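Tertiary structure, described
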Amino acid sequence: MNEMRTSVPSEAAQLPVLTHFLQEFWSAASLPPAQLMSFELALEEIFMNVVMHGSPSGALPRVEISLVLAGGAVILTVEDNGPEFDPLTLPPPDVNANLVDRPIGGLGVFLVREMMDAVSYHRVGSCNQLRMSKHVEGPEARAG
Amino acid sequence: MKITFETHAGTTLMIPEGRLDFGAAPEFQRQIGKALAGVQAAPAGLVVDCTALDYVSSAGLRVFLLAAQSARRAGVAFALCALQPRVREVFDLSGFGRMMTVHADRATALAQAPEPLP
Amino acid sequence: MLPPETAATASEANMGAREIRAQRVPEAHPPMNLAPALRSAHSVRAAVRARAQLILRPDRWIGRAIDNLILALIVLSVGSVILEAIPGLPAWVRRTFRVEEIIVVAVFSLEYLLRLAAATKIRNFVFSFEGVVDLISIAPFYLAGVDTRAVRALRLLRLLRLLKLQRRVLESTVAERTRELADKNASLEEAQAQLKAELEVARALQIAILPETFPMKPGCDGAARMIPATTMGGDFYDFIELPDGRVGLVMADVCGKGVPAAFFMAVARTNLRDIAPQYPEPGACLAQANERLCAHNPMDLFVSVFYCVFDPTTGKLKYANAGHNPPYVRRTDGSVEALSGAGGLVLGAMPGVQFPDHVAQLRPGDRLVLYTDGITEAFNSADEAYGEARLIAQIKAYGDGAAVGLVENICRSVAVFAGAAPQSDDITLTVLKWGAP
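Please read all numbers here as calculations on a predicted model, not as lab measurements. (Residues numbered from 1 in each chain as written. Chains lettered and ligands numbered in written order. Predicted model: local features only at pLDDT ≥ 70, side-chain atom pairs only at ≥ 80, totals over all residues.)

To summarise the sheet geometry, strands pair through backbone hydrogen bonds and adopt either a parallel or an antiparallel arrangement. Residue and element names in this part refer to chain C. Reading across from one edge, β2-β3-β4-β5-β8 is the order of the five strands in this open sheet, with antiparallel pairing throughout. Both outer strands of the open sheet, β2 (235-241) and β8 (358-361), are each paired with one neighbouring strand and no more. Strand-to-strand twist of the sheet, defined as the mean angle between neighbouring strand axes without regard to direction, takes the value 20°. Judged from the seven bridges that link them, strand β4 (residues 303-311) and strand β5 (residues 316-322) form a sheet pairing that is antiparallel. When the sheet's bridge partners are listed, Cys308 is paired in β5 with Tyr319. (Pairing = 2+ DSSP bridges. Helix = DSSP H or I, 4+ residues; strand = E, 2+ residues; numbered from the N terminus. Axes fitted to C-alpha atoms, helices over the stretch in contact; angles between N-to-C directions.)

Another point: the interface of chain A and chain C. One frequently used descriptor of interface size is the decrease in accessible area upon assembly of the parts. Residue-level contacts link 15 residues of chain A with 22 residues of chain C. Of all the secondary structure elements, the ones that give two or more residues to the side of chain A that touches chain C are β2 (62-70), β3 (73-80), β4 (118-124) and β5 (127-135) of chain A. The element that contributes the greatest number of residues to the side of chain A that touches chain C is β5(A), accounting for three residues. (Contact = placed C-beta atoms within 7 Å.)

What follows is about unusual backbone geometry. A positive phi angle is found at Ala82(B), which is not glycine, with a value near 55°. Topologically, Ala82(B) is positioned in the loop between β5 (78-81) and α3 (85-93). Although it is not a glycine, Asp300(C) adopts a positive phi angle of roughly 50°. By the element assignment, Asp300(C) lies in the loop between α10 (282-295) and β4.

Taken residue by residue, a regular strand's side chains alternate between the two faces of the sheet. Residues and elements named next belong to chain C. Taken across its five residues, strand β9 (residues 367-371) has five buried, putting it largely inside the fold. Of the two faces of β9, the one lined by Arg367, Val369 and Tyr371 and the one lined by Leu368 and Leu370 are each fully buried. One ladder, built from three bridges, connects strand β6 (residues 328-330) with β9; its direction is antiparallel. Within the sheet, the bridge partner assigned to Val329 lies in β9 and is Leu368. Strand direction decides the pairing type here: β9 and strand β10 (residues 427-434), joined by five bridges, are antiparallel. Within β10, the position partnered with Leu368 by the bridge is Leu432. (Buried ≥ 20, exposed ≤ 12 C-beta atoms within 10 Å, placed from the backbone.)

With that out of the way, let us pick up the confidence of the model for chain A. Per-chain confidence: chain A averages 85 in pLDDT, with 84% of residues scoring 70 or above. Mean pLDDT per element in chain A: helix α4 (residues 138-142) of chain A is the minimum at 38, and β3(A) is the maximum at 96. (pLDDT = per-residue confidence, 0-100.)

What follows is about the sheet that holds β6(C). All names here are of chain C. Sheet architecture is open: five strands sit in the order β1-β10-β9-β6-β7, paired in antiparallel fashion. Looking at the sheet topology across the chains shown, the edges are occupied by β1 (220-227) and β7 (336-338). Direction aside, neighbouring strands of the sheet carry axes that sit 15° apart on average. Pairing between β6 and β7: three bridges, direction antiparallel. Bridged to Tyr328 within β7 is Ala338. Packing of helix α12 (residues 387-398) onto the sheet brings it into contact with β6, β7 and β9, and relative to β6 it is tilted by some 25°. Along the sheet, helix α13 (residues 403-418) contacts β1, β9 and β10; its crossing angle with β10, the most-contacted strand, is approximately 150°.

Across the boundary between the two partners, chain A contributes 18 residues, which contact 16 residues of chain B. Those elements that place two or more of their residues in the side of chain A that touches chain B are α1 (15-28), α2 (36-52) and α3 (104-115) of chain A. Each residue belonging to the side of chain A that touches chain B can be placed in one class, and the counts come to 12 nonpolar, two polar and four charged. (Nonpolar A, V, L, I, M, F, W, Y, C, P; charged D, E, K, R; others polar.)

Residue and element names in this part refer to chain B. Interaxial distance between helix α1 (residues 25-37) and helix α2 (residues 58-74) falls to 10 Å at its minimum, and their mutual angle equals 15°. It follows that α1 is roughly parallel to α2 by the angle criterion. Between α1 and α2 the crossing geometry is right-handed. Residues Ala25, Phe28, Gln29, Ile32 and Leu36 of α1 touch α2, and the partners they reach there are Ala59, Gly60, Val63, Leu66, Ala67, Ser70, Ala71 and Ala74. For the contact of α1 with α2, the per-class residue count stands at 10 nonpolar, three polar and no charged. (Parallel < 35°, antiparallel > 145°, perpendicular 65-115°, else oblique. Left-handed = near helix turned anticlockwise from the far one by under 90°.)

This paragraph deals with α12(C). Residue pairs three or four apart in sequence face the same way in an α-helix, which turns once every 3.6 residues. Residue and element names in this part refer to chain C. For α12, spanning 12 residues, the distance from its first C-alpha to its last is 17 Å, which sits close to the expected 16 Å at 1.5 Å a residue. Listed as buried for α12 are Leu391, Gln394, Ile395 and Tyr398. Mapping the buried residues of α12 onto a view down its axis gives an arc of 95°, with all of them on the same face. Within α12, the exposed residues directed more than 90 degrees away from the buried face are Ala389 and Ala397. The secondary structure elements touched by the buried residues of α12 are β6, β7, β9, α11 (373-376) and α13. (Expected span 1.5 Å × (residues − 1). Arc of directions from axis to C-beta.)

And the structure:
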């Protein structure tokens, strides 16, 4: 079972670092490339939400990303020590209506929910923890 | 992200290459805005050829929608073509596929006469 | 792992240790064909050497006292070389310096003789750096003879005695560090031995809580085996007798290794045992177990679980899967099929996950084989995995006897395949044979 972790400050400039991290995990775990984009998207949307809702004053929160391959699924966890914020409470966009006026966060989280099998939020101590999972075909392809 | 422009019989062709993520969105928005503004030179409108667009996130989607809106307001034809399958999936999920004109490939996009958007 | 500072001095200590050891190692006994006289001369020499070495050892008070004396005399004699150069010193001062010089040379000469006696190979000592420095420190006095100008010039050579300081300081530091290191090593080894013993007890306990036998049910012949890996792991199986007469079978694998995984394994197992009698549907049982694990999972651990409820009166199997590799069923015609319905999320990841129930039917003579990926991902030295195909082949070939026979055959096959390669993951396996034949 593969697991990788990294920690970055909560700023937009870190996005390419995280993308690279995800790609490294993907190739280390020999996962099919077809599923990678769902996770790239999920990671970007959640991370940028954290960046934009981060501490309005003072020090940048730190964001910890963990990727685990377990039971045929990739589990992505984004944890930050910023102020309490549950992105899952953002109102979902009305996909039939005019999207321009909607806050950016809404569409991002909506996409994450659509692309992932499951998403959940947890306040753990002084941290926000957002976890999402999606089945990928890796382990079956590797065994025997 | 690299963006090149071509002109084909009155249509401006915009060709983005790479990933349209949060970091690339502002520049993309600027370029699309410029292209729409300069549309007098290409009255048949603007087509974005997405053959080389590998990735799009909500930030990128927002730019596309803003562009579609301002094109409609200015009475300029605006369409996309040749979306990669995974990018197409994201467009469809968000409902954007319904909101703007999307063609299968460049040839079709260019062949279509500029149509007024709904 | 030792902290860096100890490591740095360890290399010094090793040097010193080697040096000290070299001085103490006695020469090999002479061959038998030498004349007895020579032999006794050798043994006298050896005795003298041993005595001299004993005196000079810096870890005993004599050796240290000699070191300190030499140190004081070096400083004294260097100081007087400098002071002697002052012009116009009264005659009595000059005489005092002269007396002091004689004393210093006498002591240094004695020390030189002592070191000569202690040396395992005299030539090595005489021509070594320390030996040369020691000689130069006293030679001017003996060579001075009559020529007073030569005496004055050679006196400056006494400054070279400072070089003697280098060895003294180095040797005493080295001896001290060696002592410190030996002490630290001893206590580290003790701590490690204790930790190892405790881990072995923990692992034995971990295995001991797994049921040894399958519950007594009509037509049921069940067997199980868990072969732990070298590091503590988190595989477990369980047989749970349910109030309605059915039996719950669990096969699970905690993601990760070590003490946290072992701990989580115990928690997960207890949760399932607790919940199963209250939740007869396997999917609901897993969902409830998941809620409990997620409610308190400070180390963010996950566990894959296959859980099925078996009715021994009808052969009906109801099951649900939380990310575990699906078990195999061997039919009486020898065919082997995997139970469908893989793909649920592992337990402990997030609350609110649902696990659908699936149904299968065992017919008399069928075997149900539950296992963890410690079997299919057992690697040999050529880095090949045992794989599903080999497992299926084993089940086909040996699945027509007692359950325990199939368990033993599979375990043996994996062991033979893996060969000398170390076992990196727990190997866990249960087989249930139902009804004759």
